[in-house]
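Each chain, written out:
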Amino acid sequence: MPQQPQPLAVILDFDGTITLKDIGDLVIGNFGREGWRAADEAYDRGEISLRELWAVEVDHLRAEDHEAMRSAAVDVAEIRPGFNEFVDHCRSKKTPLEVASSGIRFYIDAVLENAGVPDLPVSAPDAEYDERGHGVVTFRDGLADCGMTAMCKCERVWRQRRLGRQVLFVGDGASDYCAALQADYVMARAALAGYCEREGKEFTPFDDFFEVREFVRRYSGS
Ligand SMILES: [Mg+2]
């Protein structure tokens, strides 16, 4: 590891990274109306992109379930061990930390609020509802749409780079593939670890956030 070449910024995926399970999948699985599974199968066959799959899945959510989805997300979400300690460490060392997710803000905000970190910067698509009450994926100002996944996480990496920082990206899944290749350092588990191996991208495996904290400590020498 280089000797503190530049300050470090950390970008975290949410589903399956901060949380043990994929909360987006659980929300769709429990609240998605009849019909979304066909899109899931089409994605598995490689016929549609992750972005197209997500648009279909969100279309199968309903406005009337909004509050129930938020509370269900909080009920099922288990936070990966060491997360709060990791956030505290980054804050005490003034290491910029942000969440970049292809999930939906309403459940991410609910889970982070419940975990005691409501003020963590989050970039993620929003879900709004059309006149029929069907979900529609939307983006707040400053967030870039992406043709491959549901939100451009690479743009979040590049933004930190422009600010003169090296980037540690921490993730687990398909929506992290592009961004991981752009990051200076990667901590990966599950599918993302396999992807990094196939692509020859160096990464550090992790199971909990104590390991991520250790990486950040070693990087900054404190
Ligand atoms: Mg994930």
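Up top is the structure.
Residues numbered from 1 in each chain as written. Predicted model: local features only at pLDDT ≥ 70, side-chain atom pairs only at ≥ 80, totals over all residues. Heavy atoms only, no water.

> Help me out: how do you make sense of the overall build of the chain in this one?
Helix and strand content of the chain: 10 helices and eight strands. For a compact globule of 222 residues, the expected C-alpha radius of gyration is about 17 Å, and the chain comes in at 17 Å, within 12% of that figure. Projected onto its principal axes, the C-alpha coordinates of the chain cover approximately 55 × 35 × 30 Å. Among the 222 residues that make up the chain, the fraction classed as buried is 50%. Summarising the internal contacts of the chain: among those between residues at least 6 apart in sequence, 62% fall at separations of at least 24. Taken as a whole, the chain presents about 10,400 Å² of accessible surface, with 46% of it coming from carbon and sulfur. Separation of charge centres in the chain, based on 26 positive and 40 negative side chains, amounts to 6 Å. (Helix = DSSP H or I, 4+ residues; strand = E, 2+ residues; numbered from the N terminus. Rg over C-alpha atoms; globule rule 2.2 N^0.38 Å. Buried < 20%, exposed > 50% of the residue type's maximum accessible area, 1.4 Å probe, protein only. Contact = heavy atoms within 4.5 Å. Areas by Shrake-Rupley, 256 points an atom, 1.4 Å probe, with all protein chains shown as cover. Lys, Arg positive; Asp, Glu negative; His and termini not counted. Charge placed at Lys NZ, Arg CZ, Asp CG, Glu CD.)

> Got a minute to help me understand helix H2 (residues 36–44) in this structure?
The periodicity of an α-helix, 3.6 residues per turn, causes residues three or four places apart in sequence to face the same way. The set of residues buried in H2 consists of Trp36, Ala39 and Ala42. All buried residues of H2 fall inside an arc of 115° around its axis, so they share one side. In this structure, H2 carries Arg37 and Asp44 as exposed residues pointing more than 90 degrees from its buried face. Residues of H2 that are buried make contact with helix H1 (23–31) and helix H3 (50–59). Positive phi shows up at Gly46, right after H2, with a value of about 80°. (Arc of directions from axis to C-beta.)

> What is the right way to read the environment of Lys21 from this model?
Mapped onto the secondary structure, Lys21 falls in the loop between strand E1 (8–12) and H1. With 58 residues separating them along the chain, Lys21 and Ile79 place their C-alpha atoms 8.8 Å apart. In contact with Lys21, other than residues within four places in its own chain, are Asp15, Gly16 and Leu26.

> Please explain the packing of aromatic side chains as it appears in this structure.
The geometry of an aromatic ring pair is captured by two quantities: the separation of the ring centres and the angle between the planes. Enumeration according to the criterion identifies eight aromatic pairs in this entry. Judged by centre distance (6.0 Å) and plane angle (90°), the ring pair of Phe106 and Tyr107 falls under edge-to-face. Just as Phe106 is buried, Tyr107 falls in that class too. Clustering of aromatic rings is evident, with ring pairs tying together Phe83, Phe86, Phe206 and Phe209. (Phe/Tyr/Trp six-rings, centres within 6.5 Å; stacked < 30°, edge-to-face > 60°.)

> What is the right way to look at the pairing of strand E4 (residues 126–129) in this model?
Looking down a regular strand, the side chains alternate between one sheet face and the other. Bridge count for E4 against strand E5 (residues 135–138) is four bridges, and the pairing is antiparallel. Within E5, the position partnered with Tyr129 by the bridge is Gly135. Hairpin connection of E4 to E5: five residues between the antiparallel strands, including Gly133 at a positive phi of 85°. (Pairing = 2+ DSSP bridges.)

> Explain unusual backbone geometry to me, please; I cannot follow it from the model alone.
Among all residues except glycine, the phi angle is most often negative; among peptide bonds, the trans geometry is most common. Positive phi values are uncommon outside glycine, yet Lys94 reaches one of about 55°. Here Lys94 shows up in the loop between helix H5 (83–92) and strand E2 (97–100). With a phi close to 50°, Ala190 is a non-glycine residue in the positive phi region. Along the chain, Ala190 falls in helix H9 (residues 190–199). A relative accessible area of 49% means that Ala190 is categorised as partly exposed.

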